[in-house]
Amino acid sequence: METATKPNHIGRKISRIRELRGMKQETLAEELGISQQAVSNLEQSEKIDDDKLEQVAKALGVTKEAIQNFSEERLIYNIQNNYEGSNKGASSVSVSNFNCTFNPLDKLMDAHEENKKLYERLLKAEQDKIEYLEKLLKEK
């Protein structure tokens, strides 16, 4: 199987990481303070000096080593293992594991209590208005 990124072509690795992060060349160029054409040239370069690589890594939100060690095969292998590992013991039907970190009934009861407090505040405001109007009527 031929790889999309040659092991030592730093520019292609930068391009692939940028694409995987959903970033356009223009965005990376803006982050680096260079032109889009300069980013294009950078991504075509087989080697890049360490300082520039450090700047690119920071702009992409990864480490310099992550760019240098990037491999499509490792990425695909990791994704595949994590996907398959998440469904261990499941039947052949795809199963998603959704674990709530809260009790939905508690959230519903909290919302009910908040609504109740709001209603009581509105009722109190209306009662205050009535008292105020009655006071005005008595003064006349």
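Residues numbered from 1 in each chain as written. Predicted model: local features only at pLDDT ≥ 70, side-chain atom pairs only at ≥ 80, totals over all residues. Heavy atoms only, no water.

Asker: What is the right way to read the overall build of the chain from this model?
Answerer: Each helix and strand in the chain was counted, giving 7 helices and 0 strands. Sequence-ordered secondary structure for the chain, helices as α and strands as β, is α-α-α-α-α-α-α. Residue burial in the chain is summarised as follows: out of 140 residues, 21% are buried. Of the contacts made within the chain by residues no fewer than 6 positions apart, 57% connect residues no fewer than 24 positions apart. A total of about 11200 Å² of accessible surface is found on the chain, and carbon and sulfur atoms cover 52% of it. (Helix = DSSP H or I, 4+ residues; strand = E, 2+ residues; numbered from the N terminus. Buried < 20%, exposed > 50% of the residue type's maximum accessible area, 1.4 Å probe, protein only. Contact = heavy atoms within 4.5 Å. Areas by Shrake-Rupley, 256 points an atom, 1.4 Å probe, with all protein chains shown as cover.)

Asker: Explain a nonpolar patch on the surface to me, please; I cannot follow it from the model alone.
Answerer: On the surface, Tyr132, Leu133 and Leu136 cluster together to form a nonpolar patch covering roughly 310 Å² of accessible area. On the secondary structure map, tyrosine 132 appears in helix 7 (residues 104–139). (Patch = residues over 30% accessible without salt bridge, like charges linked within 9 Å, V, L, I, M, F, W, Y side chains within 5 Å. Salt bridge = Lys/Arg side-chain N within 4 Å of Asp/Glu carboxyl O.)

Asker: Teacher, can you tell me more about the nonpolar core here?
Answerer: One broad rule of soluble globular proteins: the nonpolar side chains tend to lie buried together. Formed by 17 residues in total, the largest nonpolar core has its most connected members in Ile14, Leu28, Val56, Leu60 and Ile67. Among the elements of the structure, helix 1 (10–20), helix 2 (25–32), helix 3 (36–44) and helix 4 (50–60) are those that each provide at least two residues to this core. For this core, the element with the highest residue contribution is helix 4, accounting for 5 residues. (Core = buried A, V, L, I, M, F, W, Y, C linked by side-chain atoms within 4.5 Å.)

Asker: How do you make sense of a negative patch on the surface when you look at a structure like this?
Answerer: Where like charges cluster on the molecular surface, the negative patch consists of Asp49, Asp50, Asp51, Glu54 and Glu65. With 3 residues, helix 4 is the largest single contributor of residues to the negative patch. Counting through the fold element by element, aspartate 49 comes out in the loop between helix 3 and helix 4. (Lys, Arg positive; Asp, Glu negative; His and termini not counted. Charge placed at Lys NZ, Arg CZ, Asp CG, Glu CD.)

Asker: Explain the pattern of salt bridges here, please?
Answerer: Any two side chains of opposite charge can pair if their charged atoms end up close together. Per the counting criterion, the structure on display carries 4 salt bridges. Residue arginine 18 pairs with glutamate 43 through a salt bridge whose shortest N-O separation is 2.5 Å. With arginine 18 in helix 1 and glutamate 43 in helix 3, this pair connects stretches of sequence that are 25 residues apart. Residue class for glutamate 43 comes out buried when judged on its relative accessible area of 8%. For the salt bridge of lysine 124 with aspartate 128, the shortest nitrogen-to-oxygen distance reads 3.1 Å. Of this pair, lysine 124 and aspartate 128 both sit in helix 7, separated by 4 residues, roughly a single helical turn. Judged by relative accessible area, lysine 124 falls into the partly exposed class, the value being 45%. With a relative accessible area of 34%, aspartate 128 lands in the partly exposed category.

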